[in-house]
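Structural overview
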Amino acid sequence: MSDPKTALQGYVRYRAVGQVAFLLHRLTGLGVLFFLIIHIVDTAFVYFVPELYEHAIQLYRSLPFMIGEIFLVWAVFYHGLNGLRIIIFDLWKPEWWEREFAIKSVYWVLVISVLLWLPAAFTMAKHAIEYYSGG
Amino acid sequence: MKVTLKVFRYNPENGGQPRYDVFHLDVDPNDRVLDLLEMVKGYHDGSLSYRRSCAHGICGSDAMRINGRNRLACKTLVKDLGDTIVVEPILGLPVLKDLIVDMEPFFQAYRKVMPWFINNDPPPEKERLQTPEERARFDDTTKCILCAACTTSCPVFWADGSYFGPAAIVNAHRFIFDSRDQAAEERLAILAQEEGVWRCRTSFNCTEACPREIQITKAIAEVKRAILTGDLS
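Residues numbered from 1 in each chain as written. Chains lettered and ligands numbered in written order. Predicted model: local features only at pLDDT ≥ 70, side-chain atom pairs only at ≥ 80, totals over all residues. Heavy atoms only, no water.

Attention now moves to helix α4 (residues 63-92) of chain A. Along its 30 residues, α4 of chain A runs 43 Å from first to last C-alpha, staying within 8% of the 44 Å computed at 1.5 Å per residue. All of the buried residues in α4 of chain A are M66, I70, L72, W74, A75, Y78, N82, G83, R85, I86, F89 and D90 of chain A. Residues of α4 of chain A that are buried sit in contact with α2 (17-48), α3 (50-60) and α5 (99-132) of chain A together with α8 (216-229) of chain B. (Helix = DSSP H or I, 4+ residues; strand = E, 2+ residues; numbered from the N terminus. Expected span 1.5 Å × (residues − 1). Buried < 20%, exposed > 50% of the residue type's maximum accessible area, 1.4 Å probe, protein only. Contact = heavy atoms within 4.5 Å.)

Residues and elements named next belong to chain B. Here the domain parsing of chain B yields domain 1 (2-101) and domain 2 (104-229). On a C-alpha basis, the centres of domain 1 and domain 2 stand 29 Å from each other. Around 1,100 Å² of area is buried between domain 1 and domain 2 when both sides are counted, 61% of it from carbon and sulfur atoms. Per-residue buried area on domain 1 facing domain 2 is highest for N70, L91 and L93; these three make up 42% of the total on that side. Taking the shortest distance from any N to any O, the salt bridge between R69 and E208 comes out at 3.8 Å. For the interface between domain 1 and domain 2, the tally reads three residue pairs in polar contact (both at pLDDT 80 or more). Class assignment of the residues belonging to the side of domain 1 that touches domain 2 gives a composition of eight nonpolar, four polar and two charged. (Domains from an automatic or database assignment. Buried area = accessible area lost by both parts, 1.4 Å probe. Salt bridge = Lys/Arg side-chain N within 4 Å of Asp/Glu carboxyl O. Polar contact = N/O pair within 3.5 Å; in protein donor to acceptor, adjacent residues only side chain to side chain. Nonpolar A, V, L, I, M, F, W, Y, C, P; charged D, E, K, R; others polar.)

Taken residue by residue, the interface counts 29 residues in chain A and 36 residues in chain B. Counting the surface lost from both chain A and chain B, the interface buries some 2,700 Å², and carbon and sulfur atoms represent 57% of this. When the buried area of chain A at its contact with chain B is split by residue, Y14, W97 and R99 of chain A rank highest and sum to 28% of it. In this assembly, chain A and chain B are joined by two salt bridges. In this structure, K224 of chain B and D90 of chain A form a salt bridge, with 3.2 Å as the shortest nitrogen-oxygen distance. The tally of links between chain A and chain B comes to 14 residue pairs in polar contact (both at pLDDT 80 or more). No other element matches the six residues that helix α1 (residues 4-13) of chain A contributes to the side of chain A that touches chain B. Residue classes in the side of chain A that touches chain B are distributed as 14 nonpolar, six polar and nine charged.

This next bit is on the sheet that holds strand β4 (residues 69-72) of chain B. Residues and elements named next belong to chain B. Taken together, the five strands give an open sheet; going across it, the order is β2-β1-β5-β3-β4, and neighbouring strands pair in mixed fashion. Strands at the two margins of the open sheet, each flanked by one partner only, are β2 (19-26) and β4. With strand direction ignored, the average angle separating the axes of adjacent strands in the sheet is 35°. In this structure, strand β1 (residues 2-9) lies alongside strand β5 (residues 84-88), joined through four bridges in parallel fashion. In the sheet register, V7 faces β5, and the bridge partner there is V87. In the packing of helix α1 (residues 33-44) onto the sheet, the strands contacted are β1, β2, β3 (63-66) and β5, and the crossing angle to β2 comes to about 95°. (Pairing = 2+ DSSP bridges. Axes fitted to C-alpha atoms, helices over the stretch in contact; angles between N-to-C directions.)

What follows deals with the pattern of salt bridges. Residues and elements named next belong to chain B. Taken as a whole and assessed by the stated rule, the structure comprises 21 salt bridges over all chains. Across the pair D139 and R135 runs a salt bridge, and its minimum N-O distance is 3.0 Å. Since its relative accessible area comes to 37%, D139 is described here as partly exposed. Judged by relative accessible area, R135 falls into the partly exposed class, the value being 34%.

Quick look at the structure:
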């Protein structure tokens, strides 16, 4: 009975706080991995297909990519912080897996990741706006 | 108050197409979801099938997904849910009819962890003594009623039913940390297997779902630590 279809139904329709962290951890992890893969591929173009490398750099300057990179920074912060939360709870403080404290920690990781991300997001957004307004 | 109750229906003898039936009911805010199901079965549609026994949160028969989260129908009040209530079977076990699932895979995993007392010493004249502190060590995990709310809330179990699941680990924990039991090592070896505790990704759904408020993720973490260190203190 348990299968990918059941899992998908659960991911989408089950309601729990812990699951938000579980899903965000996987989505941010996959997002960062996807970016790393395309980054490795485009850097490899320098050696293998130099003319494509220029094209790749142009793509990075397109608006969707610039916006995507801003969210990439949050994904790195969130994935790292949530990973640390799980490592600390699992290996060091199992007693912190207590209902109320663990749920609070999910929210705290979200808040701290956004606070760490805001300065970088501001700088990157400012750069994107200047680039597109001809600054 | 008036509520809209949306119930998952499935009858394999009747074409087998799952559907949702909607019932508009006039209920008391202090009614439980189980009362609503009884009302539907008694006055609207006698073919509605669900499990219930004690109706007081002890037997663990009526775990179901209520408004997207696993709960016991007999412990969930209407006033805590709002005026639209969606009731579905727990996820990850085969649905037999309406809200009834086949619990056998769940109990198979439960039996694998040897959830019974093992002590090969000759029985003492009176009883096997234990200090209050030794008893407190596993008190939390004695509360399990095997309702399957935790195991069927687990994203790992949804994807792969071969994972023992939180309930089996909780019941292993109850004996592993019992100072009178002598089979902790055997149970830890079983839980260290591929389908055991290392499949847990600490999504925490189990702890949130448990109607007995057992700190399940904590118990699983303690078992993980005992496997790594061999320390049962």
